[in-house]
Amino acid sequence: MYLNHAAPFGSIKDCNPDTVKAAINSKPSTQVSAQKQPAWKPVLYKGKSSLYFAITEQIRAVQYDSPKSQDVWEVFGTVACMAELEGLMPQVDVTLTSANAAMSAVPLDHQVTHPCVREADSDILGSPSLDTKESLTHRRVRFTPPLGMFMLCHYTASGPELPIQGFYQMRGETSVDILVQLKLSDKVKNSFTHCFVQLPFYHRGPIINFEQSTSQGSLNVSQNDSRVLVWNIGQKFPSKTLEVSLKTTVYFGEYSPKTSSAYEDPFCVGQNAYAQLYFKIAEFTHTGCCIDTKSVQVLPNVKCKITTVREYVTSDFKIWNSHGDAQVTFSPPKQLSR
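Since we're looking at a predicted model, the values are computed, not measured.

Q: Give me the lowdown on the sheet that holds strand S10 (residues 194-200), citing residues and values where you can.
A: Where strands meet in a sheet, backbone hydrogen bonds hold them as pairs that are either parallel or antiparallel. Ordered in space as S4-S7-S2-S1-S18-S15-S10-S13-S12, the nine strands form an open sheet in which the pairing is mixed. On the outer flanks of this sheet lie strand S4 (108-113) and strand S12 (218-221), each paired with one strand and no other. Direction aside, neighbouring strands of the sheet carry axes that sit 20 degrees apart on average. Bridge analysis of strand S1 (residues 50-63) against strand S2 (residues 72-84) gives 13 bridges, and the strand direction is antiparallel. Looking at S2, one finds that Ile59 is bridged to Val75.

Q: Outline the confidence of the model for the protein chain, listing residues and values.
A: Confidence along the protein chain averages 83 in pLDDT terms, with 77% of residues attaining 70 or more. For the protein chain, per-element mean pLDDT is lowest for helix H3 (residues 334-337), which scores 56, and highest for strand S15 (residues 274-282), which scores 97. Counted against residues more than four places away or in other chains, residues 123-136, with its pLDDT under 50, gives 25 contacts.

Q: Describe the nonpolar core, listing the residues and the values that go with them.
A: Ranked by size, the top nonpolar core spans 39 residues in total, and within it Tyr168, Leu182, Leu199, Phe201 and Phe237 carry the most contacts. Contributions of two or more residues to this core are made by S1, strand S8 (164-172), strand S9 (175-184), S10, strand S13 (228-232), strand S14 (243-252), S15 and strand S18 (305-320). Once residues within four sequence positions are removed from consideration, Tyr168 is found in contact with Ile178, Leu179, Val180, Leu199, Phe201, Ala273, Tyr274, Ala275, Ile319, Trp320, Asn321 and Ser322. Counting 23 residues, the second-largest nonpolar core is a separate cluster that includes Ile55, Cys81, Val141 and Leu152.

Q: Can you explain unusual backbone geometry? Please cite residues and give values.
A: Working note: non-glycine residues mostly have negative phi, and peptide bonds are mostly trans. Cis rather than trans, the peptide bond between Leu299 and Pro300 has omega equal to -5 degrees. As for its placement among the helices and strands, Pro300 is situated in the loop between strand S17 (297-299) and S18. Of note in the backbone geometry, His203 takes a positive phi value of approximately 55 degrees without being a glycine. Looking at the element boundaries, His203 is found in the loop between S10 and strand S11 (207-214). Located in the positive-phi region is Leu242, a residue other than glycine, with phi close to 55 degrees. Mapped onto the elements of the fold, Leu242 is located in the loop between S13 and S14. Taking relative accessible area as the criterion, Leu242 reaches 16% and is therefore assigned buried.

Q: Before we move on, could you go through the environment of Arg204 and cite the residues and values that matter?
A: Relative to the helices and strands, Arg204 is located in the loop between S10 and S11. Considered as a pair, Arg204 and Thr174 are 30 residues apart in the sequence and their alpha carbons are 7.9 Å apart. Beyond its immediate chain neighbours, meaning those up to four positions away, Arg204 contacts Met170, Gly172, Glu173, Val176, Arg227, Phe252, Tyr255 and Gly270. At 2.4 Å, the side chain of Arg204 forms a polar contact with the backbone oxygen of Glu173. Among the polar contacts listed, one links the side chain of Arg204 to the backbone oxygen of Gly270, at a separation of 3.0 Å.

Q: Please set out the pairing of S13 residue by residue, giving values where relevant.
A: Of all the five residues making up S13, four are buried; the element is thus mostly covered by neighbouring parts of the structure. In the sheet, S10 pairs with S13 via five bridges, with the strands oriented antiparallel. Pairing of Gln198 across the sheet is with Val230, part of S13. Here S12 runs beside S13; their pairing, made up of four bridges, is antiparallel. Note on S13: the bridge partner recorded for Ser218 is Asn232. Counting the residues between successive antiparallel strands, the hairpin from S12 to S13 contains six residues.

Parameters and conventions
Residues numbered from 1 in each chain as written. Predicted model: local features only at pLDDT ≥ 70, side-chain atom pairs only at ≥ 80, totals over all residues. Heavy atoms only, no water. Pairing = 2+ DSSP bridges. Helix = DSSP H or I, 4+ residues; strand = E, 2+ residues; numbered from the N terminus. Axes fitted to C-alpha atoms, helices over the stretch in contact; angles between N-to-C directions. pLDDT = per-residue confidence, 0-100. Contact = heavy atoms within 4.5 Å. Core = buried A, V, L, I, M, F, W, Y, C linked by side-chain atoms within 4.5 Å. Buried < 20%, exposed > 50% of the residue type's maximum accessible area, 1.4 Å probe, protein only. Polar contact = N/O pair within 3.5 Å; in protein donor to acceptor, adjacent residues only side chain to side chain.

Listed below in structure tokens is the structure:
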């Protein structure tokens, strides 16, 4: 009984003599605690104080290269935190800053916070002018951190343009002619941890040969699926043009649907095909979202090491073949939506 009270989870919590005596005699303690320890924090941290923040932004995008269908995309992000702070209920104030080089700011919308957040507000500070094209959006968050890593907040962003504009053309049956063109936005950091394109070919035989002409990078058949081409672009786009291209002819072997156990997308038949883009950029976010380390405040006031990391990755980024059909979401007429 005493150990359950004094050292829950193996860490010493309470060694007060009055509390020990009361626990042994199965009597309530008369010792009044200055502050009640919450049930969700049974163990207190002891050691050097530090704060770790990790901002991850992801993009979902679909490009059609068709006047009938508009390209769609959305950017969403998370802020993870790990706080190693001494004390019963330390309080942390932090400011999320979103900065964009465009004329208008990129607001962080639809913010969902962790239950430990006590207060969150947002103020658009500064306004665009002719002299400076930088706008800032600040969002202040005040929270009492739990132990371990936790997700401080989720958010979405409206307004940022596509990081990479894509163009994909494919024609043919037993052999196909392919053209892929990509252009990097000048507002995106031109330094990738990885950047590659996968070209899956469903309802076809294995790739037996291909002729390649790439402006940059290498082209190979995927080790996991012989019907997938992988174009590894590398870690940078050409600095002058920010454009790369791939032109190739691909030859397929005999296709036997009865003996094939590989997954077949029921929609991707004939000219219906897409290119899937994958990339990751370290120390960058599309919205410019970052932690202003100078604005971080910890109460009680302690010297604290603050570490921040950022990354921008693709969640699902498709470029549909402009010579085939594509999966498009139908928006009902306004009369029906009322």
